[in-house]
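Analysis of the macromolecular model
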Amino acid sequence: ETQAERMRSLRLDARDHGHVRVHARVRAPRSAKEAAVALRFAIRRGYDASGRLADGLVFGATDRTNAEYVLDEVHLGESAEQVYDAVARDAVAAALDGYNTAVVVLGQNGAGKTTTLFGSREALRPTDEALSGSLHEEAGLVPRAAREIFDALAAHSSSEMRGGLFLVTASFVEVSGER
């Protein structure tokens, strides 16, 4: 499958989704206390009521205290690129087709929202590779989306729309400590 065929299938897939897709990215625990809590969840893969493949994120220590949340996918230990492919690539493809799209990242303080969006501290440091156009392997959703958008626009303008004008807008909103 060529890159163009893959992008076309992603665009069609993005348009066919009639629902809000929900993903959970579970980061590795940073302390023994976090590890004790992290051991009290499980991922159950199956199908939801409409027949779509879905993941269940089950929290709790016993059968009587379990709470299960049905999600489109749970990401545990996946690379930043794998998370981008699953969570944002089709939204970017749909945006390039002219659709309004959004990726919303929610979580408690310290859950990894900033790392998911922008990447690790190391990924944000300017390097010669970054200046030459390479993404750090730990780059988050935003730099990967920006790269894909501007690469697509550059390819489009050089082949089909010489001298064309593109307007790219992006918004970031942080709500913290909301009561």
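Next up on the list: the packing of aromatic side chains. This model, assessed by the stated rule, comprises one aromatic pair. With 5.9 Å between their ring centres and 40 degrees between their planes, phenylalanine 118 and phenylalanine 172 make a pair best called tilted. Residue phenylalanine 118 is found in helix α5 (residues 113-118), and its partner phenylalanine 172 is found in the segment after α8 (141-159); the two are separated by 54 residues along the sequence.

This next bit is on the nonpolar core. In this structure, Val83, Tyr84, Ala86, Val87, Ala88, Val92, Leu141, Ala145, Ile149 and Leu153 together form the largest nonpolar core, which totals 10 residues. If you list the elements that add at least two residues to this core, you get α3 (80-87) and α8. If we ignore the near neighbours within four places in the chain, the residues touching valine 83 are Arg25, His75, Glu78, Ala88 and Leu141. Counting residues in hydrophobic clusters, the runner-up holds five residues, among them Val26, Leu57, Leu71 and Val74.

What follows deals with the confidence of the model for the protein. Residues of the protein with pLDDT of at least 70 account for 72%, and the chain-wide mean is 76. Within the protein, the element-level pLDDT minimum falls on helix α1 (residues 3-16), averaging 50, and the maximum on α3, averaging 91.

This part takes up the side chain of histidine 75. One can find histidine 75 in strand β5 (residues 73-76). Among the polar contacts listed, one links the side chain of histidine 75 to the side chain of histidine 23, at a separation of 2.8 Å. Side-chain polar atoms of histidine 75 contact the side chain of glutamate 78, separated by 2.8 Å. Excluding its chain neighbours within four sequence positions, the residues that come into contact with histidine 75 are His23, Ala24, Arg25, Val26, Val83, Ala86 and Val87.

What counts and what doesn't
Residue numbers here run from 1 along each chain, matching the order of that chain's written sequence. Reporting in this predicted model follows two pLDDT cut-offs: at least 70 for local features of residues, and 80 or more for side-chain atom pairs to be given and counted; totals over whole chains, interfaces and linings ignore these cut-offs and use all residues. In computing side-chain properties, one takes all heavy atoms of the structure into account and sets aside hydrogens as well as water. When two rings of Phe, Tyr or Trp (its six-membered ring) have centres within 6.5 Å they constitute a pair, described as stacked for plane angles under 30 degrees, edge-to-face for angles over 60, and tilted for the intermediate range. Under the DSSP-based scheme used, a helix requires at least four consecutive residues in state H or I and a strand at least two consecutive residues in state E, with every element numbered from the N terminus. Buried Ala, Val, Leu, Ile, Met, Phe, Trp, Tyr and Cys residues form a nonpolar core when they are joined through side-chain atoms within 4.5 Å. Partly exposed describes any residue whose relative accessible area lies between the buried limit of under 20% and the exposed limit of over 50%, with all areas from a 1.4 Å probe on protein chains only and scaled to the type maximum. Contacts are residue-level and defined by heavy atoms, with any inter-residue pair within 4.5 Å sufficient. The pLDDT score gives, residue by residue, the confidence of the prediction method on a 0 to 100 scale. Definition of a polar contact: a pair of N or O atoms within 3.5 Å, with one able to donate and the other able to accept a hydrogen when the atoms are protein atoms, and with sequence-neighbouring residues admitted only if both atoms are side-chain atoms.

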